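Breakdown of the fold
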Amino acid sequence: MQDTLGDKLISSLLRSLAEKPGSALDNLNRAEKPGLFDIRGRVAGCAQFAYKLIHEYMVDAEEFAIALNQAHVAVTLLVVTYNTINLFAHSRISALCG
């Protein structure tokens, strides 16, 4: 989900604002620059949890439970971020069309 936000959704948003998208990190920085969103830390933090869950073999059940709980919080943050971007985009479209 963090990849979709960083690579696809924010790129589309930047294009709609007549900006040329770049790398995922560059796009996150540019989306924050005009004060649109405070998301760079959210999405980057979510990527760390995803990497840990996907690429590390955890043998400690407690460590695994902590990672799952962090991932649960991360999903909530990503959904809030998506909804924020979605509302912003709809308001921009309404302002342009109305």
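**Observations regarding the overall build of the chain**
Counting secondary structure elements, the chain contains four helices and zero strands. Sequence-ordered secondary structure for the chain, helices as α and strands as β, is α-α-α-α. Taken across its 98 residues, the chain has 27% of its residues classed as buried. Long-range contacts, defined as pairs at least 24 residues apart, comprise 47% of the intrachain contacts of the chain with a sequence gap of at least 6. Total accessible area on the chain is roughly 6,500 Å²; 59% of this is exposed by carbon and sulfur atoms.

**With respect to the nonpolar core**
Leu 5, Ile 10, Leu 13, Leu 14, Leu 28, Ala 31, Leu 78, Ile 85 and Phe 88 together form the largest nonpolar core, which totals nine residues. Those elements that provide at least two residues to this core are α1 (2-16), α2 (24-32) and α4 (61-97). Among the elements that line this core, the one with the most residues is α1, at four residues.

**Side note on the confidence of the model for the chain**
Averaged over every residue, the pLDDT of the chain is 76; the share at 70 or more is 76%. Predicted confidence in the chain is weakest over helix α3 (residues 40-55), with a mean pLDDT of 65, and strongest over α4, with 81.

**Concerning α2**
All of the buried residues along α2 are Asn 27, Leu 28, Arg 30, Ala 31 and Glu 32. A side-chain oxygen of the first residue of α2 lies 3.1 Å from the backbone nitrogen of Asp 26; this N-cap is Ser 23.

**Quick word on a nonpolar patch on the surface**
Together, Met 1, Val 75, Val 79 and Tyr 82 give the surface a local cluster of nonpolar side chains, amounting to about 340 Å² of exposed area. For Tyr 82, the position within the fold is in helix α4.

**Some thoughts on the side chain of Thr 81**
Relative to the elements of secondary structure, Thr 81 occurs in helix α4. Classification of Thr 81 as buried rests on a relative accessible area of 0%. Here the side chain of Thr 81 touches Leu 77 through a polar contact of 2.8 Å, landing on its backbone oxygen.

**A short note on the side chain of Ser 11**
Residue placement: Ser 11 occurs in helix α1. A residue is classified by how much of its surface remains accessible, and Ser 11, at 5% relative accessible area, is buried. Sequence-distant contacts of Ser 11, that is, excluding residues within four places in its chain, are made with Gly 6, Pro 21 and Asn 27.

**Observations concerning the environment of Leu 14**
By the element assignment, Leu 14 lies in helix α1. As a C-alpha pair, Leu 14 and Arg 30 span 16 residues in sequence and 8.2 Å in three-dimensional space. With sequence-adjacent residues up to four places away left out, Leu 14 is seen in contact with Glu 19, Pro 21, Asn 27, Arg 30 and Ala 31.

Quick notes on the rules
- Residues numbered from 1 in each chain as written.
- Predicted model: local features only at pLDDT ≥ 70, side-chain atom pairs only at ≥ 80, totals over all residues.
- Heavy atoms only, no water.
- Helix = DSSP H or I, 4+ residues; strand = E, 2+ residues; numbered from the N terminus.
- Buried < 20%, exposed > 50% of the residue type's maximum accessible area, 1.4 Å probe, protein only.
- Contact = heavy atoms within 4.5 Å.
- Areas by Shrake-Rupley, 256 points an atom, 1.4 Å probe, with all protein chains shown as cover.
- Core = buried A, V, L, I, M, F, W, Y, C linked by side-chain atoms within 4.5 Å.
- pLDDT = per-residue confidence, 0-100.
- Polar contact = N/O pair within 3.5 Å; in protein donor to acceptor, adjacent residues only side chain to side chain.
- Patch = residues over 30% accessible without salt bridge, like charges linked within 9 Å, V, L, I, M, F, W, Y side chains within 5 Å.
- Salt bridge = Lys/Arg side-chain N within 4 Å of Asp/Glu carboxyl O.

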